[in-house]
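Observations on the model geometry
These are the residues of each chain, in order.
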Amino acid sequence: MDPTRLDFWIAVGLASLCGALIGIERQLRGKPAGIRTSILICLGTMLFVRLGSVTAGSTGDPARVLGQVVTGIGFLGAGVMLAREGLIQGVTSAAGIWMLAAIGAMIALEYNMAAIIVTLLVLIVLVGVFLIENVVLHLRRGDYAKRVEKHGSEDE
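Residues numbered from 1 in each chain as written. Predicted model: local features only at pLDDT ≥ 70, side-chain atom pairs only at ≥ 80, totals over all residues. Heavy atoms only, no water.

Considering the overall build of the protein
In plain terms, the rule: Secondary structure elements are defined from DSSP: runs of H or I of at least 4 residues count as helices, runs of E of at least 2 residues count as strands, and each element is numbered from the N terminus. What the globule rule says is 2.2 Å times the number of residues to the power 0.38, and the radius of gyration is computed from C-alpha atoms. For each residue, the accessible area found with a 1.4 Å probe, counting protein chains only, is set against the maximum for its type, and the residue is called buried under 20%, exposed over 50%, and partly exposed in between.
Regarding its fold elements, the protein presents six helices and two strands. Element order for the protein, N to C, with α for helix and β for strand: α-α-α-β-β-α-α-α. In summary, the protein has a C-alpha radius of gyration of 20 Å against a globular reference of 15 Å for 156 residues, an excess of more than 25%. Referenced to the eigenvectors of the C-alpha coordinate spread, the extents of the protein come out at roughly 75 × 35 × 20 Å. A total of 156 residues make up the protein; the buried ones form 30% of that total.

See below:
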């Protein structure tokens, strides 16, 4: 936790970068937890878990700190979920907040490569599933069949 050491700034930079990458995707989709929120969640989790690790020898218990972070993040995630007209909205944003905290914790515990891989996996899930959902939506609406009817057969 010494700001004069390079490893402190590497952790701060990596937490900020991972949070920003996920936050950019969320911001582009107009979701409630955008770039700033995502960076702050990832960075804040990293700092709290690091503080818990630093206090391990004296009065602190890193596992308790991590458990409390998970609980707090659960409340934060619950705050972005809304029920409107019988539909629950914001569940993906809440899950994203939870993943941001997990990534921040991995960085705090010096699992940097794992944090990078999980960040990329989260982005693949968010972007890839969105693309798949759009294809399925078009197929359900019959957009492809309507286009074939309008313009002739598939082979033309």
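Describing the packing of aromatic side chains
Worth spelling out the cut-off: Stacked, tilted and edge-to-face pairs are distinguished by plane angle, under 30 degrees for stacked and over 60 for edge-to-face with tilted covering the rest, among Phe, Tyr and Trp rings (Trp via its six-membered ring) whose centres lie within 6.5 Å.
All chains considered together, the criterion is met by one aromatic pair. Ring geometry for F8 against W9: centres 4.9 Å apart, planes inclined by 85°, an arrangement best described as edge-to-face. Residue F8 is classed as buried on the basis of its relative accessible area, which comes to 11%.

Some words on the packing of helix α1 (residues 6-28) against helix α4 (residues 91-108)
We count it as follows: In this analysis an axis means a line fitted to C-alpha atoms, helices contributing only their contacting stretch, and an angle means the value between N-to-C directions, from 0 to 180 degrees. Roughly parallel here means an angle under 35 degrees, roughly antiparallel means over 145, roughly perpendicular means 65 to 115, and every remaining angle is called oblique. Left-handed describes a crossing whose near helix is turned anticlockwise from the far helix by less than a right angle; the clockwise case is right-handed. Should any heavy atoms of two residues lie within 4.5 Å, those residues are counted as being in contact.
Packing of α1 against α4 leaves a shortest axis separation of 10 Å and a crossing angle of 165°. On the basis of their axis angle, the class for α1 and α4 is roughly antiparallel. Our pair here, α1 against α4, has a crossing hand that is right-handed. For the pair α1 and α4, contact is made by A11, L14, A15, C18, G19, I22 and R26 and by T92, S93, L100, I103 and I107, respectively.

What to know about the side chain of R26
Note that R26 resides in helix α1. Not counting the four nearest positions on each side in its chain, R26 is found in contact with K31, A33, G34, T92, S93 and L126.

With respect to helix α5 (residues 112-141)
The following threshold applies: How far a helix is expected to stretch is found by multiplying one less than its residue total by 1.5 Å.
Counted at 1.5 Å a residue, the expected span for α5 with its 30 residues is 44 Å, and the 43 Å between its end C-alpha atoms agrees. Looking at α5, one finds that the buried residues are A115, V118, T119, V122, L123 and L126. Elements that come into contact with the buried residues of α5 comprise α1 and α4.

With respect to the packing of helix α3 (residues 62-78) against α4
Formally: Classes in brief: Ala, Val, Leu, Ile, Met, Phe, Trp, Tyr, Cys and Pro nonpolar; Asp, Glu, Lys and Arg charged; the others, Gly included, polar.
Following both chains from N to C, one finds α3 and α4 inclined at 155°, their axes separated by 9 Å at the closest point. Here α4 runs roughly antiparallel to α3, going by the angle between their axes. In the crossing of α3 with α4, the sense of the turn from one axis to the other is right-handed. Contacts between α3 and α4 involve L66, V70, I73, L76 and G77 on the former and, on the latter, A94, I97, W98, A101 and A105. For the contact of α3 with α4, the class distribution of residues is nine nonpolar, one polar and no charged.

Thoughts on the environment of V49
Mapping V49 onto the fold places it in helix α2 (residues 35-54). The contact partners of V49, leaving out residues within four places of it in the chain, are V65, L66, A105, A108 and L109.

So, the environment of L123
Within the secondary structure layout, L123 lies in helix α5. You can call L123 buried: its relative accessible area is 18%. Measuring from C-alpha to C-alpha, the distance between L123 and I22 comes to 6.4 Å, with 101 residues separating the pair along the chain. Each residue touching L123, except ones within four places of it in the same chain, is listed here: L21, I22, E25 and G128.

Examining a nonpolar patch on the surface
Here is the rule: Two distance rules govern patches: like charges are joined within 9 Å, and nonpolar side chains (Val, Leu, Ile, Met, Phe, Trp, Tyr) within 5 Å, applied only to residues with over 30% relative accessible area and no salt bridge. Each accessible area is a Shrake-Rupley estimate made with a 1.4 Å probe; only the visible protein chains count as cover when residues are assessed. Salt bridges are defined as contacts in which a side-chain nitrogen from Lys or Arg sits within 4 Å of a carboxyl oxygen from Asp or Glu.
Side chains of M1, F48, L51 and V54 sit close together on the surface and give an oily, nonpolar patch of about 380 Å² of accessible area. Along the chain, the position of V54 falls in helix α2. Owing to a relative accessible area of 54%, V54 belongs among the exposed residues under this scheme.

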